[in-house]
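Tertiary structure, described
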Number of protein chains: 2
Amino acid sequence: MTAAFSSYQNPSLAVDLVVFGYDKEALSVLLLNRKEAPFKNQWTLPGAFLQLEERFLETCQRILETKLGLTNIYLEQLYSFDEPDRDPRGRVISVAYFALVNPENYQLTAGKMANDVKWFPLADLPSLGFDHAAIVRKSVERLRAKILYHPVGFELLDQDFTLPELHHLFEAVLDTKLDRRNFRRKILDSHIILPTGQKKTGAQNRHPDLYIFNKAIHPNQFNLSITPNSKA
Amino acid sequence: MTAAFSSYQNPSLAVDLVVFGYDKEALSVLLLNRKEAPFKNQWTLPGAFLQLEERFLETCQRILETKLGLTNIYLEQLYSFDEPDRDPRGRVISVAYFALVNPENYQLTAGKMANDVKWFPLADLPSLGFDHAAIVRKSVERLRAKILYHPVGFELLDQDFTLPELHHLFEAVLDTKLDRRNFRRKILDSHIILPTGQKKTGAQNRHPDLYIFNKAIHPNQFNLSITPNSKA
DNA sequence: TTTTGTTTGCGTCATAATAACGCATACAGT
DNA sequence: ACTGTATGCGTTATTATGACGCAAACAAAA
């Protein structure tokens with residue numbers, strides 16, 4: 001069935017993805033170097049046009065699989081962008097999703113549509129095509145707000161992780177220093193993680209305890225009142 | 001220009017509005033009784049198809065003006081809904097916005113497209129056409145979360161309002177009892193409202209002080225940790 | 001073996017925030 | 001003047017928070 005019952009002309013509908021990754025160092029975003037116009041040879045977010053019978057999440061999967069070689073990823077709808085001139089080809093509405101990925105678990109494969117796929121640390125993004133800079137900005141904003149009161153972010157780590165690793169992740173995401181000991185107390189009090197009883201060996205110093213994410217915690221009963229260190 | 005550059009067929013794009021109102025009693029939603037199929041004579045959210053050169057907010061304004069006779073309203077994008085069968089006429093994506101209105105300031109006018117327009121208290125909604133029940137559910141969720149840490153909700157009151165009025169509004173929005181005195185303390189400490197120096201006269205009892213919303217407060221420095229009363 | 005440098009885990013303490021609740025004042029109506 | 005009720009202000013015990021000290025654990029160096 002067509003959508004021609006509407007007396008209006010329909011804009012095109014695209015789905016764009018902000019894929020966040022964390023490599024034990026910085027928070028990064030996955031960008032794609034375009035092989036075709038518009039914005040040929042420029043970096044943009046991975047995206048695709050919505051097919052008529054497709055749900056947003058299916059479009060997301062399609063992008064992740066065919067363009068990036070990723071599957072089974074945390075996805076969340078971010079916002080829909082509607083600037084009339086955001087795409088030089090004409091009117092395109094973009095529904096943006098953001099994804100959280102542990103880069104170690106996946107092998108990036110630049111699909112045939114792209115010259116290259118690469119992780120860019122948030123602090124070091126190239127200039128982006130379309131309005132994708134605004135989309136990234138808004139998704140960072142959302143992620144930073146959300147991680148404080150929702151159990152999210154663990155998708156960026158290994159299944160088993162240490163408290164110092166989680167601590168460093170939070171500092172990277174929030175771009176701030178957090179007192180190590182207060183962070184530990186708040187996380188443990190929240191019961192959002194469970195000790196595995198094992199320790200992560202191999203490090204030069206004291207071996208930290210390993211934890212896993214506690215899926216039994218209800219999102220609504222989770223709230224960290226994380227405050228940056230006052231001292232630089 | 002058409003959007004035919006895309007090799008895909010485009011779904012229709014609609015904007016639907018969840019208009020919240022508060023009548024000193026309960027939180028209400030504005031519903032529209034449809035004059036035409038589908039869902040003829042049933043209640044739905046006000047909405048319209050997006051015109052090709054139109055921005056979402058412009059569609060919102062158009063709906064508010066032509067269908068409801070409202071202007072200059074607080075609007076915020078809620079979410080985009082994509083269930084393939086949400087509209088029996090075919091594939092229609094809906095971008096939902098929610099609005100906050102003080103019903104006293106406006107005269108409702110059911111446009112020619114509708115049989116009737118009416119406020120429905122949240123606790124007493126009729127069954128809704130399309131997937132509009134889900135849209136309302138999500139927008140209530142959003143409003144309840146947002147009012148706790150963002151200076152929002154004052155749009156539902158008169159320009160000048162009393163603290164007991166604000167207190168009752170919060171109880172209505174959150175659907176819970178809040179300790180009157182603790183609520184007062186937190187609101188005043190937040191500086192989100194400013195005393196006008198005047199009192200609201202006419203009541204049978206002690207005349208409460210009047211306040212106005214303090215627009216100078218930056219949203220990020222506003223946070224109420226409001227807790228329901230433990231005692232019923 | 002001992003020492004060194006560093007990280008991890010646990011604990012302390014002063015201060016701030018919070019929930020629960022008491023009480024006098026200001027009204028209009030009686 | 002009295003009554004009933006809502007408003008405004010205040011108190012207190014408890015909890016949460018920020019800042020920070022310290023010993024144990026580890027690998028590598030001495």
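Residues numbered from 1 in each chain as written. Chains lettered and ligands numbered in written order. Predicted model: local features only at pLDDT ≥ 70, side-chain atom pairs only at ≥ 80, totals over all residues. Heavy atoms only, no water.

1. Topic: the relation of the copies chain B and chain A
Going by this rule: Superposition of the copies used a least-squares fit over C-alpha atoms from residues whose pLDDT is at least 70 in both. It only takes one pair of heavy atoms within 4.5 Å for two residues to be counted as in contact.
Turning chain B through 180° and shifting it by 0.0 Å along the axis lays it on chain A, with an RMSD of 0.0 Å. The two molecules are tied by a two-fold rotation axis, judged by turn and shift. By residue overlap, the copies meet face to face through one surface: 100% of the interface positions of chain B are interface positions in chain A.

2. Side note on the confidence of the model for chain A
The criterion, for reference: For every residue, the pLDDT score states the predictor's confidence, bounded by 0 at the bottom and 100 at the top.
In the predicted model, chain A carries a mean pLDDT of 92, and 95% of its residues have values of at least 70. Scored as a whole, the predicted complex attains pTM 0.93, and scored at its interfaces, ipTM 0.91.

3. Quick word on the packing of aromatic side chains
Residue and element names in this part refer to chain A. Our working definition: Stacked, tilted and edge-to-face are the three classes applied to pairs of Phe, Tyr and Trp rings, where Trp contributes its six-membered ring and a pair requires centres within 6.5 Å; stacked means planes under 30 degrees apart, edge-to-face means over 60, and tilted covers the rest. The numbering of helices and of strands both runs from the N terminus, where a helix is a DSSP run of H or I of at least 4 residues and a strand a run of E of at least 2. Categorising residues by exposure relies on relative accessible area from a 1.4 Å probe, with only protein chains included: less than 20% of the type maximum marks a residue as buried, more than 50% marks it as exposed, and the intermediate range marks it as partly exposed. Here, a charge over a ring means that NZ of Lys or CZ of Arg falls within 6 Å of the ring centre while also lying within 35 degrees of the ring normal.
The final tally for this structure, using the stated rule, is 17 aromatic pairs over all chains. An angle of 70° between the planes, with centres 6.1 Å apart, marks the rings of F20 and F98 as edge-to-face. Placement of the pair is F20 in strand β1 (residues 12–22) and F98 in strand β6 (residues 92–101), with a sequence separation of 78 residues. F98 gets classed as buried once you look at its relative accessible area, which sits at 0%. These aromatic residues form a ring-pair network of at least three members: F154, F161 and F213. Here K138 stacks its cationic end above the ring of Y79, 3.9 Å away from the centre of that ring.

4. Examining the pairing of strand β10 (residues 209–213) of chain A
Residues and elements named next belong to chain A. So the rule is basically this: For two strands to count as paired, DSSP must find a minimum of two bridges between them.
Alignment of strand β8 (residues 161–162) against β10, held across 2 bridges, turns out to be antiparallel. Each bridged residue has a counterpart across the sheet, and for F161 the counterpart in β10 is Y211. Taken together, the 4 bridges between strand β9 (residues 193–199) and β10 define a ladder with antiparallel strand orientation. Bridged to K199 within β10 is D209.

5. A look at unusual backbone geometry
Looking along the chain, the bond that leaves A37 of chain A and enters P38 of chain A is cis, with omega of -5°. Checked against the element boundaries, P38 of chain A lands in the loop between β2 (27–34) and β3 (43–44). Residue N41 of chain B is not a glycine yet carries a positive backbone phi of 65°. Positionally, N41 of chain B belongs in the loop between β2 (27–34) and β3 (43–44).

6. As for the sheet that holds β8 of chain A
The sheet built from 3 strands is open, its strands ordered β8-β10-β9 (chain A) with antiparallel pairing. Of all the strands in the sheet, the pair left with one neighbour each is β8 and β9 of chain A.

7. A few points about the interface of chain B and chain A
Rule in force here: The working definition used for a salt bridge is a side-chain nitrogen of Lys or Arg within 4 Å of a carboxyl oxygen of Asp or Glu. Pairing of N or O atoms within 3.5 Å defines a polar contact, subject to two protein rules: one partner must be a possible hydrogen donor and the other a possible acceptor, and residues neighboring in sequence count only if both atoms are side-chain atoms.
Taken together, the 36 residues of chain B in the interface contact 36 residues of chain A. At the boundary of chain B with chain A, the tally comes to 4 salt bridges. Put simply, D82 of chain B and R55 of chain A hold a salt bridge, and the shortest N to O gap is 2.9 Å. Seen at the junction of chain B and chain A, the total is 15 residue pairs in polar contact (both at pLDDT 80 or more).

8. Considerations on the protein's contact with DNA strand D
Applied cut-off: Any residue with a heavy atom lying within 4 Å of a molecule or strand is counted as near it. Residue type decides the class: Asp, Glu, Lys and Arg count as charged, Ala, Val, Leu, Ile, Met, Phe, Trp, Tyr, Cys and Pro as nonpolar, and the leftover types, Gly among them, as polar.
Near DNA strand D you find 22 residues, and of these K186, Q204 and T227 of chain A together with R184 and D209 of chain B are the closest. Considering DNA strand D, the proportion of its atoms within 4 Å of the protein that are sugar or phosphate atoms stands at 56%. Between DNA strand D and the protein, one listed contact pairs a base nitrogen with a side-chain N or O atom of R181 of chain A at 2.8 Å. S225 of chain A is positioned with one of its side-chain polar atoms (N or O) 2.6 Å from a phosphate oxygen of DNA strand D. Here the element with the most residues in the surface near DNA strand D is helix α4 (residues 180–190) of chain A; it accounts for 4 residues. Of the residues belonging to the surface near DNA strand D, the class tally is 3 nonpolar, 8 polar and 11 charged.

9. Describing the pattern of salt bridges
One pass over the full model with this rule turns up 28 salt bridges over all chains. Salt-bridge contacts for E54 of chain B lead to R62 of chain B; the nearest nitrogen and oxygen are separated by 2.6 Å. Taking relative accessible area as the criterion, E54 of chain B reaches 7% and is therefore assigned buried. R89 of chain B is the partner of D87 of chain B in a salt bridge, and the nearest nitrogen-oxygen pair spans 2.7 Å. Residue class for D87 of chain B comes out buried when judged on its relative accessible area of 5%. Assessed through its relative accessible area of 26%, R89 of chain B is described here as partly exposed. Each of K24, D158, E165 and K200 of chain A takes part in one network of salt bridges that share partners.

10. What to know about the side chain of D179 of chain B
All names here are of chain B. Relative to the elements of secondary structure, D179 occurs in the loop between α3 (163–174) and α4 (180–190). A polar contact is formed between the side chain of D179 and the backbone nitrogen of N182, at a distance of 2.9 Å. Look past the residues within four positions of D179 in its chain and what remains in contact with it is H167 and N229.

11. A look at the environment of T176 of chain A
Residues and elements named next belong to chain A. Within the secondary structure layout, T176 lies in the loop between α3 (163–174) and α4. Exposure remark for T176: the relative accessible area of 23% places this residue in the partly exposed category. Separated by 52 residues in sequence, T176 and P228 place their C-alpha atoms 6.2 Å apart. Apart from the residues lying within four places of it in its own chain, the contact partners of T176 are E171 and P228.

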